[in-house]
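For reference, the chains in residue letters:
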Amino acid sequence: MKIINSIRHMQALAIAPEREGRRIAFVPTMGYLHEGHASLLREGRKRGDVLVLSIFVNPIQFGKNEDLDSYPRDMERDFQLADACGVDIVFIPSAAEMYPHGFQTGVAVRELSQPLCGARRPGHFDGVATVITKLFNIVRPDVALFGCKDFQQLTVIRRMTEDLNMPVEIVGMPIVREADGLALSSRNAYLSPSERQSALCLYHAITKVRELFAAGERSVAVLAREARAVIEGESAAAIDYVEFRDGAQLQEQEQADSSTLLALAVKIGQTRLIDNTVLGEEF
Ligand code: AMP
């Protein structure tokens, strides 16, 4: 497994497989890897001849009062997991090289970036779209894998690659959860043992809504009320949003159907967690 820091070096390494017709599979991450990341890497291993993992805590997708400086890091552990998943190249650029003095270009996926996390984290998805564009230009993947855990991010990236004719196949992968239902996230490391218990309210809200939907309930007002009641029953939890939107355009809906997305953002103490489900999809 090669560990590459320089952008030029990474670009040079990407050219050979392209010439030889070997496919590059790419998994961009912010590191502190867990089984969710591993599921993307294993699928990438199947889909590409060369598997590239990037680890980059992208400063331009963080707001001023967010957790950029405290974001968890453990490179040695990340390398072990990457190696076990068959990664060929780990690309770890520096922020200074990614955003040198004078950097001023951005990519914005206008409408899809507005609701949900976009409304609470202004500029977040511009930062994501911009860094993914840069990473695609550096790594030159044939296929890139993203988790449905960040459903809006996946939607934004699909739109961006289509709109800008990027020659990359985008693959969305299911949410990996702990045995008790908590969606894996690097940010779970912030949770104290009691917060870790409280964090289950996201999963419980999702399960409750899925049960009601399966029993025939279609009113978004009713479903939203029930989801909120589950989360509000947990004293350590503060709702950022509970929203039902169509899973394609992320437009608001009054009646749920099988493609409806339930998206949640909840603060557990100081830690903001997100989770989601598409009501008609397997769980
Ligand atoms: P991050 O390092 O949090 O930026 O995540 C990197 C990639 O891993 C993104 O495409 C995420 O959606 C994906 N990911 C994070 N957590 C999970 C999870 N629990 N299940 C599946 N994919 C995940």
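Presented here is a report on the structure given in the accompanying data block. (Residues numbered from 1 in each chain as written. Predicted model: local features only at pLDDT ≥ 70, side-chain atom pairs only at ≥ 80, totals over all residues. Heavy atoms only, no water.)

Before going further, it helps to spend a moment on the site of the ligand. Around the ligand sit 17 residues in total, of which Met-30, Gly-147, Asp-150, Val-176 and Leu-184 are the nearest. A distance of 2.9 Å separates an oxygen atom of the ligand from a polar atom in the backbone of Gly-147. Contact between the ligand and Asp-150: an oxygen atom at 2.6 Å from a side-chain N or O atom of the residue. Computed on the free molecule, the ligand has an accessible area of 480 Å², of which 93% lies beneath the protein chains in the complex. Listing elements by their share of the shell around the ligand, those giving two or more residues are β2 (24-29), α2 (35-47) and β5 (143-147). The element contributing the most residues to the shell around the ligand is α2, with three residues. Looking at the shell around the ligand, its residues break down into nine nonpolar, six polar and two charged. (Near = heavy atom within 4 Å. Polar contact = N/O pair within 3.5 Å; in protein donor to acceptor, adjacent residues only side chain to side chain. Areas by Shrake-Rupley, 256 points an atom, 1.4 Å probe, with all protein chains shown as cover. Helix = DSSP H or I, 4+ residues; strand = E, 2+ residues; numbered from the N terminus. Nonpolar A, V, L, I, M, F, W, Y, C, P; charged D, E, K, R; others polar.)

What follows is about unusual backbone geometry. Of note, the phi angle at Leu-116 is positive, near 50 degrees, even though the residue is not glycine. Within the element layout of this structure, Leu-116 appears in helix α5 (residues 116-120). What makes Leu-116 buried here is its relative accessible area of 2%. Residues other than glycine seldom take positive phi values, yet Leu-250 does so here, at roughly 60 degrees. (Buried < 20%, exposed > 50% of the residue type's maximum accessible area, 1.4 Å probe, protein only.)

For the second largest pocket, the calculated volume is near 290 Å³. Counting residues per element, the lining of the second largest pocket draws most heavily on helix α7 (residues 151-163), at three residues. Split by residue class, the lining of the second largest pocket holds eight nonpolar, two polar and five charged. (1 Å grid on protein atoms, 1.4 Å probe; cavity = no way out; pocket = protein on both sides within 12 Å on 5 of 7 lines; lining within 4 Å. Points joined across faces, edges and corners; volume = space filled by probe spheres on them.)

The side chains of a regular strand alternate, first on one face of the sheet and then on the other. Of all six residues in β2, six are buried, a share of seventy percent or more. Every second residue of β2 is oriented toward a common face, with Ile-24, Phe-26 and Pro-28 on one face and Ala-25, Val-27 and Thr-29 on the other, all of them buried. Strand direction decides the pairing type here: β2 and strand β3 (residues 50-55), joined by six bridges, are parallel. Pairing of Ile-24 across the sheet is with Val-50, part of β3. Crossover handedness for the path β2 to α2 to β3: right-handed. Sheet analysis places β2 next to β5, joined by two bridges and oriented parallel. (Pairing = 2+ DSSP bridges. Right-handed = clockwise from strand over helix to strand, strands pointing away.)

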